[in-house]
Amino acid sequence: GRHGTSRVAGAVLISAVPPIMVRSPANPEGVPMEVFDGLRAGLARNRGQLYREFAAVFYGANRPGANVSQPLLDQLWRLCMQTGLKHSYECVKAFSETDFTEDLKNFDVPTLVLHGEDDQVVPVDITGRRTAELVPGAQAIFYPAAPHGVTDTHLDQVNADLLTFLRRSPAKQGRREPMAAVAAR
């Protein structure tokens, strides 16, 4: 939004938080602030335990019949534990309260929105579907029963959809190589 798209050939938003997550009078279907306050309280109380619980929700391992490996859950936990507490705490405000609505309306490059329909972290109806409506000409793919961590749980399908998008997207003027050539490196 601030820097324009003169050097951008396209955009892909995967399980992304835009346009805005938190409930407000302007976003009555959003997630209640109490949920984000609970995340902050969990971080302050015992972030290791919060991240263990978060990993299960992130990958949908808490759903009946889920087939998510323990090493994958452990990997997310380990990554989360490497972040600083202050940064994690502040991140909750940034991802939940930042309103990207006007930025999305100004997209002028080919855009792909990918989102799991069973995303328990970033609910698809208030984020992915709305983003696809706000970005002019956006292409959207919603994966049935897929969680927030769709890039791990549905890796082959996400990669195939990304490659299809890259191959179909025209390069912006002034760009030296088509996007598909850059992606193939």
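First, a word on what this report is: a plain description of the structure on this page. All values reported here derive from a predicted model rather than from experimental measurement.

Parameters and conventions
- Residues numbered from 1 in each chain as written.
- Predicted model: local features only at pLDDT ≥ 70, side-chain atom pairs only at ≥ 80, totals over all residues.
- Heavy atoms only, no water.
- Core = buried A, V, L, I, M, F, W, Y, C linked by side-chain atoms within 4.5 Å.
- Buried < 20%, exposed > 50% of the residue type's maximum accessible area, 1.4 Å probe, protein only.
- Helix = DSSP H or I, 4+ residues; strand = E, 2+ residues; numbered from the N terminus.
- Contact = heavy atoms within 4.5 Å.
- Polar contact = N/O pair within 3.5 Å; in protein donor to acceptor, adjacent residues only side chain to side chain.
- Phe/Tyr/Trp six-rings, centres within 6.5 Å; stacked < 30°, edge-to-face > 60°.
- Lys NZ or Arg CZ within 6 Å of the ring centre and 35° of its normal.

Here we come to the nonpolar core. One finds Met-21, Phe-36, Tyr-59 and Leu-76 to be the most contacted residues of the largest nonpolar core, which totals 20 residues. At six residues, the largest contribution of residues to this core is made by helix α1 (residues 33–58). Apart from residues lying up to four places away in sequence, Met-21 is in contact with Asn-27, Gly-30, Val-31, Phe-36, Phe-95, Ser-96, Val-121, Val-122, Pro-123, Ile-126 and Thr-127.

Attention now goes to the side chain of His-115. When you line up the elements, His-115 lands in strand β2 (residues 111–116). A polar side-chain atom of His-115 sits 2.8 Å from the main-chain carbonyl oxygen of Val-122. Setting aside residues no more than four positions away along its own chain, His-115 makes contact with Ser-15, Ala-16, Val-122, Pro-123, Val-124, Thr-127, Gly-128, Ile-141, Phe-142 and Tyr-143.

Counted by the stated rule, this structure contains three aromatic pairs. Plain terms: the ring middles of Phe-58 and Tyr-59 are 4.8 Å apart, the flat faces sit at 75 degrees to each other, and that makes the pair edge-to-face. Owing to a relative accessible area of 5%, Tyr-59 belongs among the buried residues under this scheme. The rings of Phe-54, Phe-58 and Tyr-59 are connected pair by pair, giving a single aromatic cluster. A cation over an aromatic ring shows up here: Arg-129 above the ring of Phe-142, its NZ or CZ 4.5 Å from the ring centre.

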